[in-house]
Amino acid sequence: MEKLVKIKSTCVPVNIENIDTDQIIPARFLKATDKKGFGDNLFRDWRFDKEGNPKPDFPLNNPKYKGEILVAGKNFGSGSSREHAAWAVAGYGFRVVISSYFADIFKNNAMNNGVLPVQVSEVFLKSLFEKIEDKPDLEIEVDLEKQIVKMGGMAEHFEINEYKKECLLNGYDDIDYLLNIKNEIEEFEKNRAKLQIVL
Amino acid sequence: MSKKTLFDKIWEAHVVKEIPNGPSVLYIDKQFIHEVTSPQAFDGLRKRGISVFRPEQTIATADHNTPTINQHLPVKDELSRNQLDKLGQNCKEFGIELYALGHPKNGVVHIIGPELGITLPGSTYVCGDSHTATHGAFGSIAFGIGTSEVEMVLATQCLMQNKPKRMRINVNGKLKKGVTAKDIILYLISKLTTGGGTGYFIEYAGDTIRSLSMEERMTICNMSIEMGARGGLIAPDDTTFEYIKGREFAPKGKAFDKAVEYWKTLYSDADAEFEKEYNFDAADIDTMITYGTNPGMGIKITDKIPSVNEFESESEKNGLQKSLKYMDFKESEPIMGKKIDYVFIGSCTNGRIEDLRAAAEIIKGRKKADNVTVWIVPGSKMVEKQAIEEGLDKIFKEAGIEMRQPGCSACLAMNDDKIPAGKYSVSTSNRNFEGRQGPGARTLLASPVLAAAAAVTGKIVDPKEFLS
């Protein structure tokens, strides 16, 4: 997994609440058996019309917005467990998603793919959207080490699980950790078998 | 004195290790896999050069991306066929039992687990599918995971998980006649909203929940994720034990009795504490239907579509307007009487035999409305077989409806079962997101009885009028 320490970038604002995983990547694009190419269909039906032409009013198609940070409305990533949604976000080139609320599964999926979900207050999110609209070339700085997000003179602390933070800072993944404790897992299985609660 | 919730008891019995300031290593008893969210996980194993740790604790089925007609013929769509072939190859290579398309045990992953007696109280289940919470109906911890996590469980039978907060939802009292489990859960989601359960695991309790059959309990737990919750569960009781008894993979004889003894210890202690608790009166619940583009946008069938003035925040007002524009509905208009184009009865929410029976009761002796296309899709081969044995397929046929073959079908429209753009679909599935049932499709979530009533009238009607 690619490390993530500090990201300083302009951003793309999608000021819509409850963006569900079917909007992030519709089910009809889940037929691939690898992780490639999902970024091309990120927000497919909002981004392109039926003929596949970009819809000019969608922020991803607006040339004034670009960068490695996606700023989205409250409750981002609700719905399906499809990791394809995280692959689409990462595949498009985003390393950070900022919102005031994230769905649980999406949050895990994002972090397992080196994408940092940054949960900020609703007030902060609102000012972010206003500032971006005003000055699209303004950069946002996300410092994972210090757990701070800054933009144009304003800053806010964000929470992240210590373990996940270490993983992202160092590019480790959970499987490496679990494979290293296989003996303990086998021990657990033996004890459970003794209790006869495994049926 | 123990002060544990049902969730705590099961969770604690599965913690292999706690990581300081981090998640717990949680042991998973069984993992269900399917064709869509597993191929990249198997690739991951190959890249690492490792095998599946406990193949016998892994069950595979093909369901998400399968056709619901002519299953005996090769799958036409090349990408879909490739995905199904990949599942077959992966299961063969790693020694996993696969209930492939056409297999007598094939079906929607959350339907087959319970009906085969794989799903048992006190256990932990995961699947790369958010509706895994269905299995919680048996008093187990079951939740959906992403593909990286599927790989983790294949590799180690464990997951790194932060313990969720605990919520209890009590529903007490007698339900009105004709009000179903689907109406209960749509009602709860409309009250708690789609984010109301985020960070929580929900226990459903109360005498109304207790009075439900196992299949009805599955419908409730199934949609826990639509409130944002990781999962939902219901304490096991005699209804649970009766359901499990005699099923293919369930413990038999003395082993069963011993299991029941253990299962009976699985309940929340009287003084157990929940971070959040809600109480609802069953008498307040009526036939429900959604009007918007998330499952929280549900109303009583006799209610009017909300108006923008009813919401306080700017964002809620915008959300409603965006939804109504997509659905081509107006604020404050009645939902009853709206013309519809498609009916879908099926999915892991409502594709079990009781759902098909409920639909048949209304459809029997009536004809499908001319303006409506109706897809009735049993949740599994076993449900299909049972439906045929009971003659339900004939009842549907006489009404002008062909029962299709099992699969997830129009719930997520990965296969050819897509609702065309702009068309209205009354669906017994779990999500009404924009484009969920096909690009531009307009979904109204409801119970099988409402869907059946819509099928024979071609419009949104109160199914209670059709029940004898």
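J.: So what about the overall build of chain A? Which residues, and what values?
T.: Scanning chain A from N- to C-terminus turns up eight helices and eight strands. Referenced to the eigenvectors of the C-alpha coordinate spread, the extents of chain A come out at roughly 65 × 40 × 25 Å. By the burial criterion, 56% of the 199 residues in chain A qualify as buried. In the structure as shown, chain A presents an accessible area of about 8,700 Å², 47% of it carried by carbon and sulfur atoms. In chain A, the 28 positive side-chain charges and the 33 negative ones have mean positions that sit 2 Å from each other.

J.: I'd like a rundown of the pairing of strand β2 (residues 24-27) of chain B, residues and numbers included.
T.: Residue and element names in this part refer to chain B. Residues of β2 alternate between two faces, with S24 and L26 on one and V25 and Y27 on the opposite face, all of them buried. For strand β1 (residues 15-18) and β2, the ladder comprises three bridges, and the chain directions are antiparallel. Residue pairing in the sheet places E18 in a bridge with S24 of β2. Counting the residues in the hairpin turn of β1 and β2 gives five residues, including N21, whose phi is positive at 55°. Bridging between β2 and strand β8 (residues 158-161) involves four bridges; their strand directions are antiparallel. When the sheet's bridge partners are listed, V25 is paired in β8 with M160.

J.: Before we move on, could you go through the interface of chain B and chain A and cite the residues and values that matter?
T.: Every contact between the two is made by 70 residues of chain B and, on the other side, 54 residues of chain A. Summed over both sides, the interface of chain B with chain A buries roughly 5,200 Å², with 58% coming from carbon and sulfur. Here chain B and chain A share seven salt bridges between them. For R48(B), the salt bridge identified is with D173(A), shortest N-O distance 2.7 Å. Remark: the boundary between chain B and chain A carries 30 residue pairs in polar contact (both at pLDDT 80 or more). Counting only elements with at least two residues in the side of chain B that touches chain A, the list comes to β1, β2, α2 (39-48), α3 (78-94), α5 (147-156), β8, α10 (253-263) and α11 (314-327) of chain B. Sort the elements by how many residues they give to the side of chain B that touches chain A and α5(B) lands first, with seven residues. Classifying every residue of the side of chain B that touches chain A gives 27 nonpolar, 26 polar and 17 charged.

J.: Tell me what's going on with the packing of aromatic side chains, and back it up with residues and numbers.
T.: Applying the stated criterion to the full structure yields 20 aromatic pairs over all chains. Ring plane angle 25° and centroid distance 5.9 Å describe the contact between F241(B) and W263(B), whose orientation is recorded as stacked. Linking F241(B) in helix α9 (residues 238-244) with W263(B) in helix α10, this pair joins segments that are 22 residues apart in sequence. Through pairs of rings, three or more aromatic residues link up here, namely F43(A), W46(A) and F58(A).

J.: Give a detailed account of unusual backbone geometry, specifying residues and quantitative values.
T.: Despite not being glycine, N75(A) has its phi angle at roughly 65°, a positive value. Mapped onto the secondary structure, N75(A) falls in the loop between β3 (69-72) and α3 (84-92). The class for N75(A) is buried, based on a relative accessible area of 3%. Phi angles above zero are rare outside glycine, and S347(B) is one such case at about 85°. Tracing the backbone shows S347(B) in helix α12 (residues 347-350).

Analysis parameters
- Per chain, the residues get numbers from 1 upward, laid out in the order the sequence is written.
- Chains and ligands are labelled by the order in which they are written, letters from A for the one and numbers from 1 for the other.
- In keeping with the predicted nature of the model, local features appear solely for residues at pLDDT of at least 70, side-chain atom pairs appear and are counted solely at 80 or more, and the whole-chain, interface and lining totals rest on all residues.
- For side-chain calculations, the full set of non-hydrogen atoms in the structure is used, while hydrogens and water are omitted.
- Secondary structure counts use DSSP, requiring at least four H or I residues in a row for a helix and at least two E residues in a row for a strand, with both numbered from the N terminus.
- Each residue is placed in one exposure class: buried if its accessible area under a 1.4 Å probe, protein chains only, is under 20% of its type's maximum, exposed if it is over 50%, and partly exposed if it falls in between.
- Each accessible area value is a Shrake-Rupley result obtained with a 1.4 Å probe; residue values ignore everything except the protein chains displayed when judging cover.
- Think of it this way: Lys and Arg go in the positive column, Asp and Glu in the negative one, and His and the chain ends go nowhere.
- In this description, the location of a charge corresponds to atom NZ of lysine, CZ of arginine, CG of aspartate or CD of glutamate.
- The pairing criterion for strands is at least two bridges between them, as found by DSSP.
- Note on contacts: a residue pair qualifies if any of its non-hydrogen atoms lie within 4.5 Å across the two residues.
- Note on terms: buried area is the combined drop in 1.4 Å-probe accessible area of two parts once they are placed together, counting the loss on both.
- Just to be clear on terms, a salt bridge is a Lys or Arg side-chain nitrogen sitting within 4 Å of an Asp or Glu carboxyl oxygen.
- What qualifies as a polar contact is a pair of N or O atoms within 3.5 Å, subject to a donor-acceptor requirement within protein and to the restriction that residues adjacent in sequence count only when both atoms come from side chains.
- Nonpolar residues are Ala, Val, Leu, Ile, Met, Phe, Trp, Tyr, Cys and Pro. Charged residues are Asp, Glu, Lys and Arg, and all others, Gly as well, are polar.
- Ring pairs are drawn from Phe, Tyr and Trp, using the six-membered ring of Trp, whenever the two centres fall within 6.5 Å, and their geometry is named by plane angle: stacked under 30 degrees, edge-to-face over 60, tilted for the rest.

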